[in-house]
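# Report on the structure
Residues per chain, in single letters:
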Amino acid sequence: MFVLAMRSVRQRPGRFAATLLSAFLGAAIIMTFNSMHDTAGAPGVDSVSAETLSTAAGVVGGYGTLLVFFAVASTLTVNVRQRSAEIELLRCSGATPAQIKRMVVGEAVAVALVGALLAIGPAMLGGRVLLDVFQDSGQVAESVDHTFGPIALYSGLDITVLAAAGAAFLAVRRATTGRRRSRERGRTFLLRGSLALGGLSICATFVLSSTDAALMAPPAYGAILLSVGLALLSPRLLRALLGRLPLTGPSGYLAVRGLRVRAAQLSGVLVPLTLFIGMATATLQMQAVENDAIDAAGVPKSVDAKNLETLNLTVVGIIVVFSCIMLVNSLYAATTYRRKEFGQQRLAGATPGQVLGTVGIESLILTVTGVLFGTGAALAGIVSFTTVRTDAVLPDEGLGIWLGVVAVGAAATMGTSLLTAWRVLRTPPITTVALAA
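Presented here is a report on the structure given in the accompanying data block. Quick caveat, the model's predicted, so the values are computed rather than measured. (Residues numbered from 1 in each chain as written. Predicted model: local features only at pLDDT ≥ 70, side-chain atom pairs only at ≥ 80, totals over all residues. Heavy atoms only, no water.)

### Regarding the overall build of the protein chain
Tallying secondary structure elements over the protein chain gives 16 helices and 0 strands in all. Within the protein chain, the proportion of its 437 residues that are buried is 49%. Considering only intrachain contacts with a sequence separation of at least 6, the fraction spanning at least 24 residues in the protein chain is 84%. Approximately 20200 Å² of the protein chain is accessible, and the part contributed by carbon and sulfur atoms is 65%. (Helix = DSSP H or I, 4+ residues; strand = E, 2+ residues; numbered from the N terminus. Buried < 20%, exposed > 50% of the residue type's maximum accessible area, 1.4 Å probe, protein only. Contact = heavy atoms within 4.5 Å. Areas by Shrake-Rupley, 256 points an atom, 1.4 Å probe, with all protein chains shown as cover.)

### Comments concerning the environment of Val 406
Its place among the elements puts Val 406 in helix H15 (residues 399–425). For Val 406, a relative accessible area of 16% gives the class buried. In sequence terms Val 406 and Gly 278 are 128 residues apart; their C-alpha atoms lie 10.0 Å from each other. Look past the residues within four positions of Val 406 in its chain and what remains in contact with it is Ile 277 and Val 371.

### Examining the packing of helix H2 (residues 17–40) against helix H5 (residues 97–118)
The N-to-C vectors of H2 and H5 enclose an angle of 45 degrees; their axes lie 7 Å apart at closest approach. As far as their axial angle goes, H5 and H2 are oblique. Where H2 crosses over H5, the two elements pack in a sense that is right-handed. Contacts between H2 and H5 pair Thr 19, Leu 20, Ala 23, Phe 24, Ala 27 and Met 31 from the former with Val 111, Ala 112, Val 114, Gly 115, Ala 116 and Leu 118 from the latter. Here the residues of the contact of H2 with H5 sort into 10 nonpolar, 2 polar and no charged. (Axes fitted to C-alpha atoms, helices over the stretch in contact; angles between N-to-C directions. Parallel < 35°, antiparallel > 145°, perpendicular 65-115°, else oblique. Left-handed = near helix turned anticlockwise from the far one by under 90°. Nonpolar A, V, L, I, M, F, W, Y, C, P; charged D, E, K, R; others polar.)

### A look at the side chain of Ser 227
Relative to the helices and strands, Ser 227 is located in helix H9 (residues 217–242). Side-chain polar atoms of Ser 227 contact the backbone oxygen of Ala 223, separated by 2.7 Å. Excluding residues within four positions of it along the chain, Ser 227 makes contact with Thr 274, Leu 275, Gly 278, Met 279 and Ala 377. (Polar contact = N/O pair within 3.5 Å; in protein donor to acceptor, adjacent residues only side chain to side chain.)

### As for the packing of H2 against helix H6 (residues 120–136)
Running from N to C, H2 and H6 point in directions that differ by 45 degrees, and their axes come no closer than 8 Å. The angle between H2 and H6 places the two elements in the oblique class. In this structure, the crossing between H2 and H6 has a hand that is right-handed. Across the interface between the two elements, Phe 24, Ala 28, Met 31, Thr 32, Phe 33, Ser 35 and Met 36 from H2 touch Ile 120, Pro 122, Ala 123, Gly 126, Gly 127, Leu 130 and Phe 134 from H6.

### A closer look at the environment of Leu 399
When you line up the elements, Leu 399 lands in helix H15. Taking the relative accessible area as the measure of exposure, Leu 399 reaches 58% and is therefore exposed.

### Some thoughts on the nonpolar core
Residues Leu 53, Val 104 and Phe 134 are the most contacted members of the largest nonpolar core, which totals 44 residues. Residue assignment for this core shows that the elements contributing at least two residues are H2, helix H3 (47–82), H5, H6, helix H7 (150–177) and helix H12 (303–337). With 11 residues, H3 is the single largest residue contributor to this core. Listed in part, the 17 residues of the second largest apolar core include Leu 238, Leu 259, Ala 280 and Val 371. (Core = buried A, V, L, I, M, F, W, Y, C linked by side-chain atoms within 4.5 Å.)

### Here we look at a nonpolar patch on the surface
A contiguous nonpolar surface patch, about 320 Å² in accessible area, is contributed by Phe 69, Phe 70, Phe 169 and Leu 170. When contributions to the nonpolar patch are tallied by element, the ones reaching two or more residues are H3 and H7. Its place among the elements puts Phe 69 in helix H3. (Patch = residues over 30% accessible without salt bridge, like charges linked within 9 Å, V, L, I, M, F, W, Y side chains within 5 Å. Salt bridge = Lys/Arg side-chain N within 4 Å of Asp/Glu carboxyl O.)

### Side note on the pattern of salt bridges
Evaluation of the coordinates by the stated rule reveals 1 salt bridge. The partner of Glu 290 in a salt bridge is Arg 389, and the shortest N-O contact between them spans 2.8 Å. Within this pair, whereas Glu 290 is found in helix H11 (residues 267–297), its partner Arg 389 is found in helix H14 (residues 352–390), the two being separated by 99 residues in sequence.

### Overview of a negative patch on the surface
A surface patch of negative charge is lined by Asp 292, Asp 295, Asp 396 and Glu 397. In this fold, Asp 396 is placed in the loop between H14 and H15. Residue Asp 396 is classed as exposed on the basis of its relative accessible area of 75%. (Lys, Arg positive; Asp, Glu negative; His and termini not counted. Charge placed at Lys NZ, Arg CZ, Asp CG, Glu CD.)

### Let's talk about helix H13 (residues 339–347)
Among the residues of H13, those classed as buried are Phe 342, Gly 343 and Gln 345. For H13, the buried positions fall inside an angular range of 160 degrees around the axis, keeping them on one side. Phi for Gly 349, located one or two positions after H13, is positive at around 120 degrees. (Arc of directions from axis to C-beta.)

### With respect to the environment of Leu 131
With respect to the element layout, Leu 131 can be found in helix H6. Taking C-alpha positions, Leu 131 is 7.8 Å from Met 36, a pair spaced 95 residues apart along the chain. Sequence-distant contacts of Leu 131, defined by excluding residues within four places in its chain, comprise Leu 53, Val 140, Val 144, Asp 145 and His 146.

Given below as structure tokens:
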């Protein structure tokens, strides 16, 4: 099976392009920030600089690990779902579920390893740039030199490969076992756990004082957990609401029907979109509230305050990159996978404009759903943090931040769907149906 996995990667490299990109970016981010651990442990580094570098590596490294797993899992899940016919053929040919799992996991590990090795050079360059940022802001002494050592190298390789292996195992297990009821129980458990832990984390904010250094942590983690829970819940609510949408015409009918049929599969799009809206809005808004509070107090920013601001902005940048990758990968794969459906609709009399209209309405509904739930999760964190930090309920100026975040999410969602559908529609419908058969 390992030989078959390597042959599959060599023969169809385009199939694994999304996984390779996710692994490459994930490993680059992990190694970039974990090189701060190597730099902090180098001889001659003062204690203040070492603490700043270690904190940055620890916080962002944790976020990076989670996002690498989600990004790779998203691309591999779509990949395995699209290979259902191939997997079924292997099973009919005598391959056991264990052999198929080894093949898919072997493919994922090989691709992830290549992506991680390609990321070493960019990570070394990124580490130097990141150190310059800390030095320019006065958080790290100018005498500190960048060090790219074993912590950065091995953590990047190990985390990326393990995340790919775990994600591939879970994806192919769902495809080969067919135990839908157990999957639904697992999803329900994760949904309830995320919402419960998110609510507890938000409530923990009110236990801290307004000057506590860790005040931003509980609402930030609460917003993340609530975003995950609401994203998992959104397909169910979307299925219930689709019948009540006042959509008319061929495009509206096809959009509602298509979303109702695929509601269970929409988590691949709604999870990254909701996470992006919730995490980015909450983090940027809370950082703006913190900056306003410091300015109102008339005191200069401490080193800890500068560290926190740098970390928050960096985390948001990572979220933007990975969420967009997950969104684009999921939407591109899902839209391309529907080429046979689009061809059949055109052969039945639908015009290319009507098909594009259907995709546009679907994307708009998904965008509104993700924005709604992401904003709700973000508001829970923002309100709790603002109430404790400033005795107000909402930030004075926050609409611009929210609009900017929503604009990025909407552009990624609708732009990818429409452009991919437009490319698919350029192929004659008869050819599309024949090739997809």
